[in-house]
Amino acid sequence: VFGVGPQDAEVLFIGEGPGEQEDLKGEPFVGRGGKLLDDMLELIDLDRTKIYIANMVKCRPPKNRDPLETEQYACSEWLSRQIALLDPKLIVCLGRISAMKFIKPDFKITREHGQWFEVDGRRVMALYHPAALLRDPGKRPETFDDLKRLQAEIRAVCTPIDFKKRKGAILCFNSASSPFLTATGPSPLSRPRTPAPRTTTSATSTCGTGPTVSTSPRLMAGC
Ligand code: URA
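Cut-off values and rules
Residues numbered from 1 in each chain as written. Predicted model: local features only at pLDDT ≥ 70, side-chain atom pairs only at ≥ 80, totals over all residues. Heavy atoms only, no water. Core = buried A, V, L, I, M, F, W, Y, C linked by side-chain atoms within 4.5 Å. Buried < 20%, exposed > 50% of the residue type's maximum accessible area, 1.4 Å probe, protein only. Helix = DSSP H or I, 4+ residues; strand = E, 2+ residues; numbered from the N terminus. Contact = heavy atoms within 4.5 Å. Salt bridge = Lys/Arg side-chain N within 4 Å of Asp/Glu carboxyl O. Near = heavy atom within 4 Å. Polar contact = N/O pair within 3.5 Å; in protein donor to acceptor, adjacent residues only side chain to side chain. Areas by Shrake-Rupley, 256 points an atom, 1.4 Å probe, with all protein chains shown as cover.

Caption draft 1: Focus on the nonpolar core. In this structure, F13 and L150 are the most contacted members of the largest nonpolar core, which totals 45 residues. Broken down by secondary-structure element, the contributors of at least two residues to this core are β2 (11-15), α2 (32-43), β3 (52-55), α3 (69-86), β4 (90-94), α4 (96-102), β6 (122-127) and α7 (140-157). Once residues within four sequence positions are removed from consideration, F13 is found in contact with L37, L41, I51, Y52, I53, A54, V92, L94, L127 and L150.

This is how it looks when you write it as structure tokens:
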């Protein structure tokens, strides 16, 4: 399972290795974790047409175990060349294993997720792996904050996307209705959070359908 995405993508997501569904389909992140990843991307107006997704190892580790060092080493040249060809502005490591390889060997995902690191002149951050977010939905509110940090960085360093050419591109985020936060996990509103400044009320907004909750920042340009 080599990777997926446009060759001019400026953001590269790196997972661990394909699971069964990915192996069958030949595409990374197409199982349950992949669907959650799609939801996460949608929250910040990304999708698979705008980013590149690759894995550290290209073949499925038996029984979905963590890829061994030897397996990572065997596939490392593929990934190095993918990175060299793509030359992404930002790299997002999905999970601890990827972060330990691309950020630092003693990376602690529970403490350092969502932080930006400078690695070989490139900005790199790690998010919890979607599988971890499926296992523990309580981590989703933190991941939501990490995604906002990613979105801010994309806006700061990546080439702006031409929203006008994209059908349905003007989206607003409404955390109350986000499947990412409400499907199986607790609402971010159920735990204490620092309220974000409210810029507009949504009742008459042309963006989104439901009321925008007070802690939901307006994430999308043009909204
Ligand atoms: N987990 C990964 O790390 N990568 C995939 O492609 C699927 C599941």
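Caption draft 2: Structural context of the side chain of K139. Secondary-structure assignment places K139 in the loop between α6 (130-135) and α7. Overall, the relative accessible area of 18% leaves K139 in the buried class. Beyond its immediate stretch of four places on either side in the chain, K139 contacts Y128 and L133.

Caption draft 3: Representation of the pattern of salt bridges. Evaluation of the coordinates by the stated rule reveals 15 salt bridges. Residues R48 and D38 are paired through a salt bridge, measuring 2.9 Å at the closest nitrogen-oxygen approach. Taken together, the residues span a long stretch of sequence, with R48 in the loop between α2 and β3 and D38 in helix α2 at a distance of 10 residues. Judged by its relative accessible area of 31%, D38 is partly exposed. The salt bridge involving E112 is made with K104; its shortest N-O contact spans 2.6 Å. Accessibility expressed as a relative area gives 25% for K104, which makes it partly exposed. When salt bridges with common partners are traced through the structure, they connect E27, D38 and R48 into a single cluster.

Caption draft 4: Quick look at the site of the ligand. In the vicinity of the ligand, the residues found are G15, E16, G17, P18, E22, P28, F29, N55 and H129. Between the ligand and the protein, one listed contact pairs an oxygen atom with a side-chain N or O atom of H129 at 2.9 Å. Protein contacts shield 89% of the accessible area of the ligand, which totals 230 Å² for the unbound molecule.

Caption draft 5: Quick look at unusual backbone geometry. Non-glycine residue D45 carries a positive phi angle of around 60 degrees. Tracing the backbone through its elements, the reader meets D45 in the loop between α2 and β3. Using a relative accessible area of 6% as the deciding quantity, one classes D45 as buried. A positive phi angle is found at N64, which is not glycine, with a value near 60 degrees.

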